[in-house]
Amino acid sequence: MRKLSRVFTYLFLTVTGIIMFFPFFWMFMSAFKTSAEVTASPPVWLPSSFSLVNFQLAFQKAPFLRYFLNSIIVMVSSVTVTTVTSILAAFAFSRLRFPGRQTLFTLLLSMMMLPFEMLIITNYRTVIDLGIYDSMWALVLPFTSSIFYTYILKNFFDTVPDSLYWSARIDGSSNWNYLWKVMVPMARPSLTTVILLNALASWNSFMWPMYVIATDTYRTLPWGLQVFTTEAGSNPEQQMAASTVVVLPMIILFLFARKYIVGGVARGGLKG
Amino acid sequence: MRVVLDHVTKKFDDFTAVSEFSATLEDGELVCLLGPSGCGKSTLLNMLSGILPPTGGQIFFDKDNVTNMPPEKRGVGLVFQNYALYPHMTVLDNICFPLETQHVPKPERIERANEIAKLVHVDTLMQRRPGELSGGQQQRVAIARALVKNPRLLLLDEPLSNLDARLRLEMREEIRRIQQRTKVTAVFVTHDQEEALAISDRVILMKAGVVQQNDLPQRLYDEPCNQFVANFLGNPPINNIPGTVHGHLFFADGTDEGISLPLFQNIADGKRVNLSIRAEAFIPEENGPIPAHVERVFTMGKEELAIMTLGDTEFRAYIDTEVGLVNGQNTRLNVRRRGVFVFDLESGAKLA
Ligand SMILES: Nc1ncnc2c1ncn2[C@@H]1O[C@H](COP(=O)(O)OP(=O)(O)OP(=O)(O)O)[C@@H](O)[C@H]1O
Ligand SMILES: [Mg+2]
């Protein structure tokens, strides 16, 4: 009986795995196909040659390098700032004692229920009012703090024994010094998770840039890709080449760091 | 440094963890705080280190009133029960940490860390992380970290409780050696009486947040000031024989033969008391005042441990093997001057 259920488990996982993997496989292969191969019926599985001509054409038609740079700038700055603010907030909630601490934290957690889509309109108005529509600021500013990442880090900070804190205080350490010298180095696995998840989210962000960016100068990769797709609608092989450029960095990142992503989410999500 | 605690009290809401604690720790003394679990030992230590603010009373370090001084200003070293080493740092970095926060220049930091590491015998482990050390080694690193900044006061909260029996014995001698070498005033918390008596210059025995006796280790054993102290110290525990005093004679419960001992001279008629006798304080004597029935005898080398009864009460006595006690026999005993007390059965106060 147990053996049979094992077989089914693996069968199920294999099938799901193939279903998940297939679109990426198809995208990657199509990126190298000729126009005729892509539209052939019945479909052609493998390209006749692995030439980079589709990539060349795509890069000629749209400023993908610009998009790529924008994506990097947005990702690095928002991840850096979010990480710092999350660390500070998590430390305050986990360690410092101030009136209303528990109430405030519960309030923040309940705000996690709000889907981002609901906030788009208010954030959009704010961006207009601040006069930063269609600028790098509009891409970064709304993503400089995160309740979810604060929550993950606080959960980790809560597991650090009190005695470490008091030991440091007795040894002359301030809260600030303790946070950066002891807490943060100890939280490295959780921090890695938070940074990776955040980087992934930032890189893939599509809807928000679409609302607040109108010109090529500040377009990020996913939004740029969308624009390109509309323009190059008749060349699916070039679309696939462009998509590959968008997705590949994150796939590589994920392969290297999946241990941290999975572990950290399980740790942060199950405790407390 | 001399430490004075003046009626120090700590209340958690309406629960009093430490009540009106007054004591003086002389410079260079090692004082043990002894008491059963939950009697407020850690709470008192935390008030000395500044982790917890007292709710009443005052604490002085020499002339300074430190009652409300934050921990980082007090210049104390604290060794936690779980050592609280920083797991991501090497032994060297752990020991250097207190110096780093004081902005001691790096070469001097390392020199002082190495010096203290030699004293506690961890100088060969400097590049390891705490996870790669045994319990005893971790403990010594924790002591080194507490000592490296030359604290005015060293506090140790049950530092040996995680170690196995042999290592405990070794480490307590080690701690004594280090303390005497550095001449630092030290407070050592434990609930192990043997540890307390072996290591300290003075023992403060607590119960439910209240000091019971503050004395030299030997006097605590020889002259307990109440029933609790007498019961707490000694292995096997002291024998308590309840009974009533009539006409300066002691009638153990379940007997009608009065026992005449000088101790009962000044005790009022009809008083309910405990006659408390340490197991080693009995002497077999043909016409001794105490009639006893021998239940069982266990030979333990040169002495025998005899389980005897007097009236309704069972007690233990160490008796010389030469006496040749036999199971089931009736015998008579006398007592030595040391190790015999009379306590009020209700209040536990010492009567004689
Ligand atoms: N933060 C707190 N809030 C309420 N009560 C507390 C708090 N800390 C300690 N207590 C209570 O105060 C009493 C003394 O605690 P303390 O930790 O000082 O005991 P202890 O003598 O160190 O015991 P042990 O030998 O088990 O470590 C205990 O009854 C404990 O429950
Ligand atoms: Mg304790």
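Structure: above.
Notes on the structure in this doc start here. It should be emphasised that the depicted structure is a prediction, and the values quoted were computed from it without experimental measurement.

Looking now at the overall build of chain A. Tallying secondary structure elements over chain A gives 14 helices and zero strands in all. The order of α-helices and β-strands along chain A, N terminus first, is α-α-α-α-α-α-α-α-α-α-α-α-α-α. Considering chain A as a whole, with its 272 residues, one finds that 40% of them fall into the buried category. Put simply, of all contacts in chain A between residues at least 6 apart along the chain, 71% involve residues at least 24 apart. Of the roughly 15300 Å² that chain A leaves accessible, carbon and sulfur atoms contribute 72%. Positive and negative charge centroids in chain A, built from 19 and 10 side chains respectively, lie 15 Å apart.

This part covers the sheet that holds strand 3 (residues 30-34) of chain B. Residue and element names in this part refer to chain B. Pairing in this open sheet of six strands is mixed, and the strands run 6-7-8-3-9-10 from one edge to the other. In the strand order of this sheet, the two ends are held by strand 6 (76-79) and strand 10 (210-215), each with one partner. Averaged over neighbouring strand pairs, the angle between their axes works out to 15 degrees when direction is ignored. As defined by bridge partners, strand 3 adjoins strand 8 (residues 185-190) across five bridges and the pair is classed as parallel.

Residues and elements named next belong to chain B. In the sheet, strand 1 (residues 3-12) pairs with strand 2 (residues 15-25) via seven bridges, with the strands oriented antiparallel. Within the sheet, the bridge partner assigned to Val8 lies in strand 2 and is Phe21. The hairpin formed by strand 1 and strand 2 contains two residues between the paired strands, and Asp13 there has a positive phi angle of roughly 50 degrees.

What follows is about the sheet that holds strand 12 (residues 249-252) of chain B. Residue and element names in this part refer to chain B. In space, the four strands of this open sheet follow the order 12-11-13-19, with antiparallel pairing throughout. Lying at the two open borders of the sheet, with one neighbouring strand each, are strand 12 and strand 19 (340-344). The mean angle between the axes of side-by-side strands here comes to 40 degrees, regardless of whether they run parallel or antiparallel. In this structure, strand 13 (residues 272-277) lies alongside strand 19, joined through five bridges in antiparallel fashion. Bridge pairing links Ile277 to Val340 in strand 19.

Taken together, the contacts link 21 residues of chain B with 15 residues of chain A. Together chain B and chain A conceal approximately 1600 Å² of surface at their shared face, both sides included; 63% is due to carbon and sulfur atoms. Contact with chain A buries area across many residues of chain B, yet Glu72(B), Tyr86(B) and His88(B) alone supply 28% of it, more than any other trio. Seen at the junction of chain B and chain A, the total is four salt bridges. When the shortest N-O distance is used, the salt bridge between Arg145(B) and Asp171(A) registers 3.8 Å.

Let's shift gears to unusual backbone geometry. The residue after Ser41(A), namely Pro42(A), is reached through a cis peptide bond having omega 0 degrees. Between Asn235(B) and Pro236(B) the backbone carries a cis peptide bond, its omega angle lying at 5 degrees. Within the secondary structure, Pro236(B) sits in the loop between helix 9 (227-232) and strand 11 (239-246). Despite not being glycine, His103(B) shows a phi value in the positive range, around 60 degrees. As for its placement among the helices and strands, His103(B) is situated in the loop between helix 3 (91-101) and helix 4 (106-119). Since its relative accessible area comes to 70%, His103(B) is described here as exposed. The phi dihedral of His248(B) falls on the positive side, at around 65 degrees, and the residue is not glycine. You can see His248(B) is positioned in the loop between strand 11 and strand 12.

All names here are of chain A. Summed over all chains, the structure comprises 30 aromatic pairs over all chains. Measuring from ring centre to ring centre gives 6.5 Å for Phe105 and Tyr151, while their planes differ by 25 degrees; the resulting arrangement is stacked. One end of the pair, Phe105, is in helix 5 (residues 101-111); the other, Tyr151, is in helix 8 (residues 147-159), with 46 residues separating them in the sequence. Residue Phe105 is classed as buried on the basis of its relative accessible area, which comes to 8%. Measuring from centroid to centroid gives 5.1 Å for Tyr165 and Tyr178, while their planes differ by 75 degrees, and the two rings are edge-to-face. Of this pair, Tyr165 sits in helix 9 (residues 162-170) while Tyr178 sits in helix 10 (residues 175-186), placing them 13 residues apart in sequence.

Right, let's get into the site of ligand 1. Residue and element names in this part refer to chain B. Lining the immediate surroundings of ligand 1 are Phe12, Phe15, Ala17, Ser37, Gly38, Cys39, Gly40, Lys41, Ser42, Thr43, Glu158 and His191. Separating an oxygen atom of ligand 1 from a backbone N or O atom of Gly38 is a distance of 2.7 Å. Thr43 places a polar side-chain atom, nitrogen or oxygen, 2.5 Å from an oxygen atom of ligand 1. Coverage of ligand 1 by the protein chains reaches 59% of its 630 Å² of free accessible surface. Looking at the shell around ligand 1, the elements that each hand over two or more residues are strand 2 and helix 1 (41-49). Of the residues forming the shell around ligand 1, the biggest block, three residues, is contributed by helix 1. Along the lines of polarity and charge, the residues of the shell around ligand 1 split into four nonpolar, six polar and two charged.

By the definition in use, this model includes 26 salt bridges over all chains. With a closest N to O distance of 2.9 Å, Lys149(B) and Asp171(A) form a salt bridge. One end of the pair, Lys149(B), is in the loop between helix 5 (135-147) and strand 7 (153-157); the other, Asp171(A), is in the loop between helix 9 and helix 10, on a second chain. A relative accessible area of 10% means that Lys149(B) is categorised as buried. By relative accessible area, Asp171(A) is classed as buried at 5%.

So, about the environment of Ile72(A). Following the sequence through the fold, Ile72(A) ends up in helix 4 (residues 64-94). By relative accessible area, which is 30% here, Ile72(A) ends up partly exposed.

Before going further, it helps to spend a moment on helix 6 (residues 165-182) of chain B. Residues and elements named next belong to chain B. Between its terminal C-alpha atoms helix 6 stretches 26 Å, which fits the 26 Å expected from 18 residues at 1.5 Å a residue. For helix 6, the complete set of buried residues consists of Met171, Arg172, Glu174, Ile175, Arg176, Ile178 and Gln179. Close packing links the buried residues of helix 6 with strand 3, helix 4, helix 5, strand 7, strand 8 and helix 7 (193-199). Positive backbone phi, approximately 55 degrees, marks Lys183, located one or two places after helix 6.

Basis of the calculations
- Residues numbered from 1 in each chain as written.
- Chains lettered and ligands numbered in written order.
- Predicted model: local features only at pLDDT ≥ 70, side-chain atom pairs only at ≥ 80, totals over all residues.
- Heavy atoms only, no water.
- Helix = DSSP H or I, 4+ residues; strand = E, 2+ residues; numbered from the N terminus.
- Buried < 20%, exposed > 50% of the residue type's maximum accessible area, 1.4 Å probe, protein only.
- Contact = heavy atoms within 4.5 Å.
- Areas by Shrake-Rupley, 256 points an atom, 1.4 Å probe, with all protein chains shown as cover.
- Lys, Arg positive; Asp, Glu negative; His and termini not counted.
- Charge placed at Lys NZ, Arg CZ, Asp CG, Glu CD.
- Pairing = 2+ DSSP bridges.
- Axes fitted to C-alpha atoms, helices over the stretch in contact; angles between N-to-C directions.
- Buried area = accessible area lost by both parts, 1.4 Å probe.
- Salt bridge = Lys/Arg side-chain N within 4 Å of Asp/Glu carboxyl O.
- Phe/Tyr/Trp six-rings, centres within 6.5 Å; stacked < 30°, edge-to-face > 60°.
- Near = heavy atom within 4 Å.
- Polar contact = N/O pair within 3.5 Å; in protein donor to acceptor, adjacent residues only side chain to side chain.
- Nonpolar A, V, L, I, M, F, W, Y, C, P; charged D, E, K, R; others polar.
- Expected span 1.5 Å × (residues − 1).

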